[in-house]
Each structure stands twice: as C-alpha cells, then as structure tokens.
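Notes for the structure review
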Amino acid sequence: MRGRTRALSGTVALLLSLVLGGCGAWPDTGAADDGLRILVPNTAGGGYDTTARTVARVLEETGTASDVQVFNLPGAGGTVGLQRTVNERGNGRLALQMGLGVLGASHVVHARVTVRQTTPIARLIEEPEAVVVRKDSPYRTVEDLVTAWRTGPRRVRVGGGSSLGGPDHLFPMELARTVGIAPRQVRYVAYDGGGGDLLPALLDGRVDFATSGIGEFLDQIQAGQLRVLAVTSDRPVAALPGVPTLKASGIDLVFHNWRGIVAPPGISPEDRKRWIRALTALHSSRQWKAELTRHGWTDAFITGGAFGAYLKRQDAAVADLAARLGLD
C-alpha cells in the first residue's frame, strides 16, 4: 500500500503540473450573485456532481442566484480540484464541492495542499453508506456477506465510487477491521466518480458487493435491481424501509459521509458572506427540503466558523483513520 501511495503521489504531481499552469482568478462578471462557479472534483454522475448540480439548480429556481455554472475537474480522488481551488486565491466567485472523500484522498496521496487552506463556507448534508448487492446475489443479509468474506477475504471483491481515501474506500476497510478481517486483505476496486461507473460493475458481477451513499443507487434500489443489506447510520433510513443498520445486525460500526462547500483562500469577507447567505437561503427553501427527501440525504447544515472547526476535527480524524488502516 505504501508503494502504491508513493506512485499515486507522483501521479498527483504530474496531473497538477498539467492542470495548474496558467491558472488565474476568474474575472468579476457584474451582478452580486451572477456568474458563480462550482467546481466538482470528480467525474459526472457521482455524489459530488449530483450535489453540486442540485445546489445550482435550486439556487436558480429560488431566484437566489442566476447563471450558476457547474464544471468537473477530476483527478487523484479530488485533490486536483482541491489544488485548483487553493490556486485560485482571492476568487470569490468560485467554490469547491467537497466532503469526506477529498479529505481522505489528501492524506492517502500526500497532496501538496490541504482542505485547511481553503475558506470554509457550509456543510450541507450527511449521508450514510449502504452495503449493496445485485438482486440475484447469494448474500441475502449482511451476516451472509460477512461470513463469506471472513472465509475467503481475497475472493470477495468490493466496489466503491471513491478512489483511495474516499468514503466508499474507508468504510469497507473499517468494516473489515470491525468484523476481524485485516484491511490489507480487502479487494477494493475503485470507480472514482460514483454510481455512474460502479453500477454496471455491480450488475454484471465484476464486484460482489458495493459500498456507496444511498442516494447514488436509490432509483435502482426502488426498481428492484439492487438490494441493500445494511446502512451505516445509527438509525434506520426512511428512504429504505425495512433495511437494518449495521448495529442492528450485530456489527458495532456507525459511519457517515458528508458533503460541503469551500472557497479559495483569501476571498473577501463580502464574498464569503455572499456565499453563506446564498446557501442559507437554499437551506431554508422548500425546493431544497424536497431534494433532501428525494436523495435520502440528511440535513447537516452549518456555516462559516462552525464549519471551519468541523473541518479541522474531521481532517485530524481522517488522518488518524488512514494511519490506523495503513493507508498513509
């Protein structure tokens, strides 16, 4: 794993040198809430992309902001997008859609920048992970899965919509450790970008089970293509009636993913307030509340200094987890 990490670090350096050459601040384009841009640090179809595009649409539907553009800059588990954001110092019209995955990747690939260098704006949502199998899987319960996994850890393949260090990677590693399997024995297959690439891999049997945010596969779950064995929250999820938590299944583990928005360093106090005002208005809207229900997201809204303090705690916790799992 350490050799693999060093290789990833080299990849990050190369990607960043290609992406960042000549980056400057985006020009001021006029009206206070027009011309805003949200950077998604992975490919289309994943959780970050879905969240950012939902934010942009609701901001426009509510008249809070207009012409909100979302663009993707994937690479190295989100750290290419993080580096771009840090490089855009002072650009108050740019924000990064990020979360636990970017934090984790920054430690695993030893990125040259950290989330602590950004300007905290708001945490938006939390989302439990789900243990998902295709409808014809031999694993009917999470206990069935764990029994098979313990018997032959290297024969069971788990897929996730995160690169190394992301929530879909950290969770099965932590689950393995909790049920007595050495994390180094986990056969994790990364589909960075989320459900768009992971879904066909699960359906055609390239992986035996998947770990992902419930919002990624809710349509396929409700259509009966996929079955959820357990969720990682401390209580059942309303969008998945009848699905047990890990704790209810006898596995002492609770795990939450979360997503939020940060801005480049050095933006003006006025720009920071503008972003916070816009997202506070979004949070209060009936349209946003409907989206929370639709995607199975949990409201976890905090802003500014409170979010900044949360980011510091999370950064330290993820660094500790990566070290315990041998991923640093």
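Residues numbered from 1 in each chain as written. Predicted model: local features only at pLDDT ≥ 70, side-chain atom pairs only at ≥ 80, totals over all residues. Heavy atoms only, no water.

For the rest of this paragraph, the subject is the packing of aromatic side chains. All chains considered together, the criterion is met by 5 aromatic pairs. The interplanar angle of 85 degrees and the centroid separation of 6.1 Å between the aromatic rings of Trp258 and Phe307 together place this pair among those described as edge-to-face. One end of the pair, Trp258, is in strand β9 (residues 256-263); the other, Phe307, is in helix α11 (residues 304-324), with 49 residues separating them in the sequence. Across the pair, exposure class does not vary: Trp258 and Phe307 are buried alike. A centroid spacing of 5.3 Å and a plane angle of 75 degrees characterise the contact between Trp258 and Tyr310, whose relative ring orientation is edge-to-face. With Trp258 in strand β9 and Tyr310 in helix α11, the pair connects residues that are 52 residues apart, well separated along the chain. Both residues of the pair, Trp258 and Tyr310, count as buried. (Phe/Tyr/Trp six-rings, centres within 6.5 Å; stacked < 30°, edge-to-face > 60°. Helix = DSSP H or I, 4+ residues; strand = E, 2+ residues; numbered from the N terminus. Buried < 20%, exposed > 50% of the residue type's maximum accessible area, 1.4 Å probe, protein only.)

The first and last C-alpha atoms of helix α2 (residues 47-61) sit 21 Å apart over 15 residues, in line with the 21 Å expected at 1.5 Å per residue. Those residues of α2 lying buried are Gly47, Tyr48, Asp49, Thr51, Ala52, Thr54, Val55, Ala56, Val58 and Leu59. (Expected span 1.5 Å × (residues − 1).)

Turning next to the nonpolar core. Within soluble globular proteins, side chains that are nonpolar generally end up buried alongside one another. By size, the foremost hydrophobic cluster in this structure holds 80 residues, and its most contacted members are Val55, Met98 and Trp288. Mapping this core onto the domain boundaries places at least three of its residues in each of domain 1 (37-126 + 257-325) and domain 2 (127-249). Not counting residues within four places of it along the chain, the set of residues in contact with Trp288 comprises Thr54, Val55, Val58, Leu124, Ile125, Leu282, His283 and Trp297. Among the nonpolar cores identified, the runner-up in size contains 19 residues, and Leu202, Val207, Leu218 and Val243 belong to it. (Core = buried A, V, L, I, M, F, W, Y, C linked by side-chain atoms within 4.5 Å. Domains from an automatic or database assignment. Contact = heavy atoms within 4.5 Å.)

Per the stated rule, a full pass over the model turns up 16 salt bridges. The salt bridge partner of Glu291 is Arg57, with a shortest N-O separation of 3.0 Å. One end of the pair, Glu291, is in helix α10 (residues 286-295); the other, Arg57, is in helix α2, with 234 residues separating them in the sequence. On the basis of relative accessible area, Arg57 is assigned to the partly exposed category, the value being 33%. One network of salt bridges, with partners in common, ties together Arg57, Glu61, Glu291 and Arg294. (Salt bridge = Lys/Arg side-chain N within 4 Å of Asp/Glu carboxyl O.)

Let's shift gears to the side chain of Thr85. On the secondary structure map, Thr85 appears in helix α3 (residues 79-87). Take Thr85: its relative accessible area is 0%, and that puts it in the buried class. Residue contacts for Thr85: discarding those within four places in its chain leaves Leu39, Leu96, Ala263, Pro264 and Pro265.

What follows deals with the environment of Thr178. Locating Thr178 in the fold gives a position in helix α6 (residues 167-178). With relative accessibility at 28%, the residue Thr178 sits in the partly exposed group. With 73 residues separating them along the chain, Thr178 and Ile251 place their C-alpha atoms 7.4 Å apart. Here Thr178 is in contact with Ile251, Asp252 and Leu253, once residues within four sequence places are set aside. Polar side-chain contacts of Thr178 include one of 2.8 Å to the backbone oxygen of Glu174. (Polar contact = N/O pair within 3.5 Å; in protein donor to acceptor, adjacent residues only side chain to side chain.)

Bringing helix α4 (residues 100-108) into the picture now. Residues spaced three or four apart along an α-helix face the same direction, because each turn holds 3.6 residues. Across the 9 residues of α4, 8 count as buried, placing the element largely inside the fold. For α4, the set of buried residues is Leu100, Gly101, Val102, Leu103, Gly104, Ala105, Ser106 and Val108. Downstream of α4 by one or two residues, His110 has phi in the positive range, about 55 degrees.

In regular strands, side chains alternate between the two faces of the sheet. Sheet topology note: the strand β1 (residues 37-40)/strand β2 (residues 69-72) ladder contains 4 bridges and is parallel. Within the sheet, the bridge partner assigned to Ile38 lies in β2 and is Val70. Following the chain from β1 across α2 to the adjacent parallel β2, one finds a crossover that is right-handed. (Pairing = 2+ DSSP bridges. Right-handed = clockwise from strand over helix to strand, strands pointing away.)

What follows concerns the environment of Gly166. Tracing the backbone through its elements, the reader meets Gly166 in the loop between β5 (157-160) and α6. Considering only alpha carbons, one finds Gly166 and Gly104, 62 residues apart in sequence, at a separation of 5.4 Å.

Put simply, α4 and α11 touch, their axes get as near as 9 Å, and they point 50 degrees apart. Overall, the two elements α4 and α11 adopt an arrangement that is oblique. Like other packed secondary-structure pairs, α4 and α11 cross with a definite hand, here right-handed. Listed contacts from α11 to Leu100, Leu103, Gly104 and His107 of α4 are Gln314, Asp315, Val318 and Ala319. Broken down by class, the residue content of the contact of α4 with α11 amounts to 4 nonpolar, 3 polar and 1 charged. (Axes fitted to C-alpha atoms, helices over the stretch in contact; angles between N-to-C directions. Parallel < 35°, antiparallel > 145°, perpendicular 65-115°, else oblique. Left-handed = near helix turned anticlockwise from the far one by under 90°. Nonpolar A, V, L, I, M, F, W, Y, C, P; charged D, E, K, R; others polar.)

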